[in-house]
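# Chain and residue survey
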Protein chains: 2
Amino acid sequence: MDDSKVSAILQAARRRFAHYGVSKTTMNEIAADIGMSKASLYYYFPDKEKIFIAVVEQDIAEFVQVIESLISRTSKASFKLKKYVVTRNEFLVRLLNLAKVETLIASDVFNPVYDELKVSFFNKEMELVQKIFQQGIDQQEFNKFPVKEYADLFLSSMVGLRATALTSKATENRNPDYDKVERQTSLFVELFLKSVRSN
Amino acid sequence: MDDSKVSAILQAARRRFAHYGVSKTTMNEIAADIGMSKASLYYYFPDKEKIFIAVVEQDIAEFVQVIESLISRTSKASFKLKKYVVTRNEFLVRLLNLAKVETLIASDVFNPVYDELKVSFFNKEMELVQKIFQQGIDQQEFNKFPVKEYADLFLSSMVGLRATALTSKATENRNPDYDKVERQTSLFVELFLKSVRSN
């Protein structure tokens, strides 16, 4: 595997996906954009879905890095958790803009190929959120609670609030209601923090 | 409209839906079950989707009645809220069993006809939950908070937690994970109550 070639493919594909969406992008176009033969492109990636997954994996790695650096700071866990949710929302808007779909849940129905991606992202998020929870408990900012169970609830709520706000009747024929997602997820964090905070 | 005829149609349809699902039930079968001519059946209902909606509306009315009677009790608002969630979960299992679909969100993709039903149920639930919140505030069991905004978050979380638990990869090829829905929604209520409880 030639890393610079892979990176050129992903860069070209990313541009195409962002402008035309995954469904309207062809392998031919990606190959042509970087002056690569179709055969070479297929040597690196068997189909455009695999390229899309690799592009999303780049973005996820970047998101994880941003959050890891947030976690390594000395700030309070409550600050980190709020920041996590804001960063997560921004990240998903960018990501789904790239995919030209409103929610991964909706796209899922038609693209089971992304299931694995969703599960691995959820598991990665579980790790990150559990770290923040554990920091809060260790620093006695939070009362002791079962971090895994709470992280699952926390992230399932994030996923669920997003899905319901973006697929609700009210948003039909309109832009996805990202404002509602932001409002509801940040209210959720506030309530969550109130319930776990010590003192 | 002959009420006894309508009620016979709904009863027969309910039996069919529960055994075979909506998609495998025909107007002919419903008519035959109650010895009614096709023409008469069509006089009352233009298609089986409308019959299904009427059946679900019966169930919703019953759910609302159960909750109204819960609300009229003298119990604590926190008790009522927990009871609401348990009753809601049981109700939805029965309802979706009737529809032979796992979640209304999933079925929605294929049946926009149920959108209106979902919206009107959500609005009805908003009323009920706001009443319970207001009781808690009035009785100084809860701190003062914006009931409408919190009810929206509360119910969106219920819908979202249910949808994510029932559509997650882990449940593929298995029975829907109703246990997870119960665990997560009851943990959510606990956290919610901790954050709004006075003292």
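Treat the numbers as computed from the prediction; the structure is a model and nothing was measured.

Definitions and cut-offs
- Residues numbered from 1 in each chain as written.
- Chains lettered and ligands numbered in written order.
- Predicted model: local features only at pLDDT ≥ 70, side-chain atom pairs only at ≥ 80, totals over all residues.
- Helix = DSSP H or I, 4+ residues; strand = E, 2+ residues; numbered from the N terminus.
- Buried ≥ 20, exposed ≤ 12 C-beta atoms within 10 Å, placed from the backbone.
- Axes fitted to C-alpha atoms, helices over the stretch in contact; angles between N-to-C directions.
- Parallel < 35°, antiparallel > 145°, perpendicular 65-115°, else oblique.
- Contact = placed C-beta atoms within 7 Å.
- Nonpolar A, V, L, I, M, F, W, Y, C, P; charged D, E, K, R; others polar.
- Least-squares fit on C-alpha atoms with pLDDT ≥ 70 in both.
- Domains from an automatic or database assignment.
- pLDDT = per-residue confidence, 0-100.
- Expected span 1.5 Å × (residues − 1).
- Core = buried A, V, L, I, M, F, W, Y, C linked by C-beta atoms within 7 Å.

## Quick word on the overall build of chain A
Helices and strands together make up the secondary structure of chain A, namely nine helices and zero strands. Across the 199 residues that make up chain A, the buried fraction comes to 28%.

## Here we look at the environment of Q58 of chain B
If you trace the backbone, Q58 of chain B turns up in helix 4 (residues 48-71). In this structure, the C-alpha to C-alpha distance between Q58 of chain B and L10 of chain B, residues 48 residues apart in sequence, is 9.0 Å.

## As for the packing of helix 1 (residues 3-20) of chain B against helix 4 of chain B
Residues and elements named next belong to chain B. One way to put it is that helix 1 packs onto helix 4 with a least axis distance of 10 Å and a crossing angle of 95°. Here helix 4 runs roughly perpendicular to helix 1, going by the angle between their axes. On helix 4, the residues that touch I9, L10, A13, R14 and F17 of helix 1 are I51, F52, A54, V55 and Q58. The residue makeup of the contact of helix 1 with helix 4, split by class, is eight nonpolar, one polar and one charged.

## Some remarks on the interface of chain B and chain A
Contact with chain B, which involves 23 residues of that partner, is made by 23 residues of chain A. Those elements that place two or more of their residues in the side of chain B that touches chain A are helix 6 (104-110), helix 7 (115-138), helix 8 (147-167) and helix 9 (178-196) of chain B. A per-element tally of the side of chain B that touches chain A places helix 8 of chain B first, with 11 residues. Along the lines of polarity and charge, the residues of the side of chain B that touches chain A split into 12 nonpolar, seven polar and four charged.

## Describing the relation of the copies chain B and chain A
Between chain B and chain A, the superposition needs a rotation of 180° and an axial shift of 0.0 Å, giving an RMSD of 0.0 Å. What we have between these two chains is a two-fold relation. Closest approach to the rotation axis within chain B is made by the C-alpha atom of G160 of chain B, at a distance of 1.7 Å.

## Here's the deal with the domain arrangement of chain A
The assigned domain composition of chain A is domain 1 (3-44) and domain 2 (53-196). In this assembly, seven residues from domain 1 of chain A lie in contact with six residues from domain 2 of chain A.

## Focus: the confidence of the model for chain A
All names here are of chain A. On average, residues of chain A score 88 in pLDDT, and 87% of them reach the 70 mark or higher. Confidence drops under pLDDT 50 across residues 102-110; counting only partners more than four residues distant or on other chains, this segment forms 20 contacts. This prediction of the complex comes with two scores: 0.87 for pTM and 0.84 for ipTM.

## Side note on unusual backbone geometry
The backbone of Q140 of chain A shows a phi angle near 55°, a positive value even though the residue is not glycine. Summarising the element assignment, Q140 of chain A is placed in the loop between helix 7 (115-138) and helix 8 (147-167).

## Looking at helix 7 of chain B
Residues and elements named next belong to chain B. With 24 residues, helix 7 ought to run about 34 Å at 1.5 Å a step, and its terminal C-alpha atoms sit 34 Å apart, in line with that. F121, E125, L128, V129, I132, F133 and G136 are the residues of helix 7 that are buried. The first or second residue beyond helix 7 is Q140, which carries a positive phi of 55°.

## A closer look at the nonpolar core
In this structure, V129 of chain A together with V129 of chain B are the most contacted members of the largest nonpolar core, which totals 52 residues. Discounting residues that sit within four places of it in the chain, V129 of chain A has contacts with Y84, A151, F154 and L155 of chain A.

## Section: the environment of Q11 of chain B
All names here are of chain B. Take Q11: it is sitting in helix 1. With 14 C-beta atoms packed within 10 Å, Q11 lands in the partly exposed category. For the pair Q11 and T26, spaced 15 residues apart in sequence, the C-alpha separation works out to 15 Å.

## So, helix 4 (residues 48-71) of chain A
Counted at 1.5 Å a residue, the expected span for helix 4 of chain A with its 24 residues is 34 Å, and the 34 Å between its end C-alpha atoms agrees. Those residues of helix 4 of chain A that sit buried are I51, F52, V55, V56, F63 and I67 of chain A.

## What about the environment of V85 of chain B?
Residues and elements named next belong to chain B. Structurally, V85 is set in helix 5 (residues 77-99). The spatial distance from the C-alpha of V85 to the C-alpha of V189 is 8.0 Å, given a sequence separation of 104 residues. Excluding anything up to four places from it in sequence, V85 contacts M158, T185, S186 and V189.

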